[in-house]
Amino acid sequence: MSVSLVPQIRKLVNSRRHFLVLRRSLNQDLTTALRPFYFAVHPDFFAQHPEQRNTNENSLKLLSEHLEALYERRLRNEDTQVLKFYVRASSDANKRDTFRLIQIRTDRQSTRDPKRFIQGLLESCNLSTEYVKNIKAQPEPPKSSGLEFRPSQDYHCDAEFAEFESQLKNERASKRPVLTTWLEENADKARQRAKETAELQAEIDKLQRVLVEKLQLRDARYECGWNIDHYRGCLKTLERLANTHLVEMSPLKGRIVVFAPFTGISLEGHVMLFTGDVLSTWIDFIKNIPHHDAYLKVVPVYERTLSQVLLEIQIGRRKFMPKQQASGYANHLMKVTTSLNDYLGKQKYPTEWPKTLKEFTIVVESEAGPLMVSPTGQFITPATCPGSILVDFITQHMELARERMKKYAQDKHVEQELMDACIKQLQLLSLTKDDAITPDKMIAALRDLSQMQVQKQLKQAKLHITHYYSVLTDGVVCIPWDFAQK
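Report on the accompanying structure. The structure displayed is predicted, hence computed values, not measured ones.

## Some words on the pattern of salt bridges
Item 1. Summed over all chains, the structure comprises 9 salt bridges.
Item 2. Here R402 and E359 are joined by a salt bridge, their closest N and O atoms 3.1 Å apart. With a gap of 43 residues between them, R402 in helix α13 (residues 387-426) and E359 in the loop between α12 (326-344) and β8 (361-365) connect regions that are remote in the sequence.
Item 3. A cluster of three or more residues bridged by salt bridges with shared partners is formed by E359, E399 and R402.

Structure representation (structure tokens):
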């Protein structure tokens with residue numbers, strides 16, 4: 001190495017080190033500024049409100065990806081996203097169940113100034129911005145500072161958030177009630193609520209039958225997470241449309257209508273109607289269903305193309321995931337296919353790979369999703385994952401995927417047997433679970449439950465296994481799957 005280059009290299013290294021120190025300091029300051037926001041929207045504070053909890057949890061994951069881009073000055077290529085968060089409308093204890101929806105735009109412009117983005121985030125929630133206004137501006141990075149792709153696993157954007165999360169979980173665990181005690185205190189409440197909503201349920205069933213017949217639907221469903229009174233409101237709204245705009249409702253013929261967290265056509269071809277939209281939005285969407293169906297028709301083509309590129313691997317949908325629109329999913333498939341074709345343009349697949357991957361399944365999710373092997377043995381990839389990283393991940397995790405597929409195949413049968421036995425033993429009216437409760441978790445919960453003396457409290461109850469304790473307005477009893485764990 002030429003001696004004349006040494007001072008230049010040393011200067012470059014020092015410049016880079018100085019930038020990293022300054023950036024790390026800024027990141028810590030911005031993280032501190034974000035803490036009030038984190039407290040305001042954290043999913044664990046919405047345990048008894050599944051709709052708000054799920055919305056905030058999904059948006060925090062997307063926010064984590066955007067914050068990483070902010071801190072590292074990476075320009076994002078994808079379209080502008082709108083992140084939705086629920087915050088409590090009032091600090092009044094009597095109004096804890098009223099919420100306000102805030103929407104945060106993420107785009108290229110916000111990536112240029114992380115301080116301004118976070119300030120806007122706080123202002124949207126009516127939180128103090130005094131601290132963030134006093135933070136110094138972020139230094140410009142030295143040129144040619146490469147940043148590698150790092151798939152996001154969750155919404156912990158740095159060590160401080162991870163520490164906060166750990167502290168929060170420890171506090172919650174120390175305050176967790178004992179199942180038998182909680183059931184003793186809430187069994188009568190559940191029975192009373194179930195009795196009060198029996199007439200309402202009968203009204204909903206009748207209204208649903210009338211609408212299905214009038215609009216010639218295959219079915220009408222409710223997947224919004226709110227109570228059945230809200231479902232009645234949705235059906236009443238659709239009934240009003242059927243009475244005033246029957247001709248415009250004709251595209252619903254033969255379809256399954258689902259009241260959901262978004263408006264669009266799902267991957268299953270269901271017509272999803274967001275309960276927060278105004279009537280005109282529903283009407284415009286329903287009239288344009290044939291246009292939206294065009295995306296649904298090309299999805300199988302894109303799936304077959306990706307399968308062929310990836311040695312006949314099966315293209316799946318995650319067994320425990322929220323609904324998504326066909327149009328967005330088609331774009332995600334195209335991105336992964338393009339990344340793999342770029343990889344194959346430079347090199348072949350690893351020699352240790354089998355001739356075909358048809359025993360495996362891959363699931364393509366949003367840009368900010370995780371790169372992982374699911375509990376059911378599926379490969380989960382974000383649409384933005386580079387081909388080289390995806391290939392390397394599959395190479396390293398083939399055996400793990402095989403093990404999990406085998407375990408899931410066994411667990412799902414054991415789970416069903418235990419559910420049937422538990423319904424009979426406890427004389428339950430129904431036994432259900434959240435989609436996020438995988439068979440191994442459900443098996444653990446049912447085995448623990450079978451050893452508890454709770455027949456008296458749960459007799460003729462509707463039991464739902466989830467992540468929290470609650471009695472819903474329709475009398476459904478919710479208990480966490482890990483209630484026996486300390």
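More follows now that the structure is in view.
## So, the pairing of strand β14 (residues 477-480)
Item 1. Judged by which residues are buried, β14 turns out to be covered on both faces: V477 and I479 on one side and C478 and P480 on the other are all buried.
Item 2. Pairing of strand β12 (residues 462-466) with β14, which is carried by 4 bridges, proceeds in the parallel orientation. What sits directly across from T466, in β14, is P480.
Item 3. Where strand β13 (residues 470-471) meets β14, 2 bridges bridge the pair, whose relative direction is antiparallel. Opposite V471, over in β14, you have V477 as the bridge partner.

## What about the sheet that holds strand β6 (residues 271-274)?
Item 1. Taken together, the 4 strands give an open sheet; going across it, the order is β3-β4-β6-β5, and neighbouring strands pair in mixed fashion. At either end of the open sheet lies a strand with only one pairing partner, and these are β3 (219-222) and β5 (264-265).
Item 2. Here 4 bridges tie strand β4 (residues 256-260) to β6, and the two strands are oriented parallel to one another. Its bridge partner being in β6, F259 is matched across the sheet by L273.

## As for empty space enclosed by the protein
Item 1. The final tally for this structure, using the stated rule, is 2 cavities of 30 Å³ or more.
Item 2. By volume, the second largest cavity is sized at about 40 Å³.
Item 3. Lining the second largest cavity are I265, H292, Y295, Q325, A326 and S327.
Item 4. If you list the elements that add at least two residues to the lining of the second largest cavity, you get α11 (289-309) and α12.
Item 5. Along the lines of polarity and charge, the residues of the lining of the second largest cavity split into 3 nonpolar, 3 polar and no charged.

## Overview of the nonpolar core
Side chains of nonpolar character tend, in soluble globular proteins, to be buried together.
Item 1. Core analysis: the largest hydrophobic core is formed by 31 residues, its most contacted members being L310, I313, L340, Y349, W353, F379 and L390.
Item 2. Per-element accounting of this core gives the leading share, 7 residues, to α12.
Item 3. Sequence-distant contacts of L310, defined by excluding residues within four places in its chain, comprise L340, Y349, W353, L357, I362 and I394.
Item 4. L200, L207, L273 and W282 belong to the second-largest nonpolar core, a separate cluster that totals 28 residues.

## A look at the environment of A198
Item 1. Relative to the assigned elements, A198 resides in helix α8 (residues 198-214).
Item 2. Placed 276 residues apart in sequence, A198 and D474 show a C-alpha to C-alpha distance of 8.1 Å.

## Concerning the sheet that holds strand β7 (residues 314-315)
Item 1. Reading across from one edge, β7-β8-β10-β9 is the order of the 4 strands in this open sheet, with mixed pairing throughout. Where the open sheet ends on each side, the last strands, each with one partner, are β7 and β9 (372-373).
Item 2. Here β8 pairs with strand β10 (residues 379-382) via 4 bridges, running parallel. Bridged to I362 within β10 is F379.

## A few points about unusual backbone geometry
Item 1. With phi around 55 degrees, L311 is a residue other than glycine that occupies positive phi space.
Item 2. Here L311 lies in the loop between α11 and β7.
Item 3. Residue classification places L311 among the partly exposed residues on the basis of a relative accessible area of 23%.
Item 4. At Q460, a residue that is not glycine, the phi angle is positive and equals roughly 65 degrees.
Item 5. Along the chain, the position of Q460 falls in the loop between α15 (455-458) and β12.

## Some thoughts on the side chain of T337
Item 1. Within the secondary structure, T337 is located in helix α12.
Item 2. What makes T337 buried here is its relative accessible area of 9%.
Item 3. When near neighbours in sequence (up to four residues on either side) are disregarded, T337 contacts T305, L306 and V309.

## Points about the packing of helix α10 (residues 279-287) against α11
Item 1. In contact at an axis separation of 5 Å, α10 and α11 are set at 60 degrees when each is read in the N-to-C sense. Here α10 is positioned oblique relative to α11, judged by the angle of their axes. Of the residues in α11, those in contact with F285, I286 and K287 of α10 are I289, P290 and H292.
Item 2. Here the contact of α10 with α11 is composed, by residue class, of 4 nonpolar, 1 polar and 1 charged.

Cut-off values and rules
Residues numbered from 1 in each chain as written. Predicted model: local features only at pLDDT ≥ 70, side-chain atom pairs only at ≥ 80, totals over all residues. Heavy atoms only, no water. Salt bridge = Lys/Arg side-chain N within 4 Å of Asp/Glu carboxyl O. Helix = DSSP H or I, 4+ residues; strand = E, 2+ residues; numbered from the N terminus. Buried < 20%, exposed > 50% of the residue type's maximum accessible area, 1.4 Å probe, protein only. Pairing = 2+ DSSP bridges. 1 Å grid on protein atoms, 1.4 Å probe; cavity = no way out; pocket = protein on both sides within 12 Å on 5 of 7 lines; lining within 4 Å. Points joined across faces, edges and corners; volume = space filled by probe spheres on them. Nonpolar A, V, L, I, M, F, W, Y, C, P; charged D, E, K, R; others polar. Core = buried A, V, L, I, M, F, W, Y, C linked by side-chain atoms within 4.5 Å. Contact = heavy atoms within 4.5 Å. Axes fitted to C-alpha atoms, helices over the stretch in contact; angles between N-to-C directions. Parallel < 35°, antiparallel > 145°, perpendicular 65-115°, else oblique.

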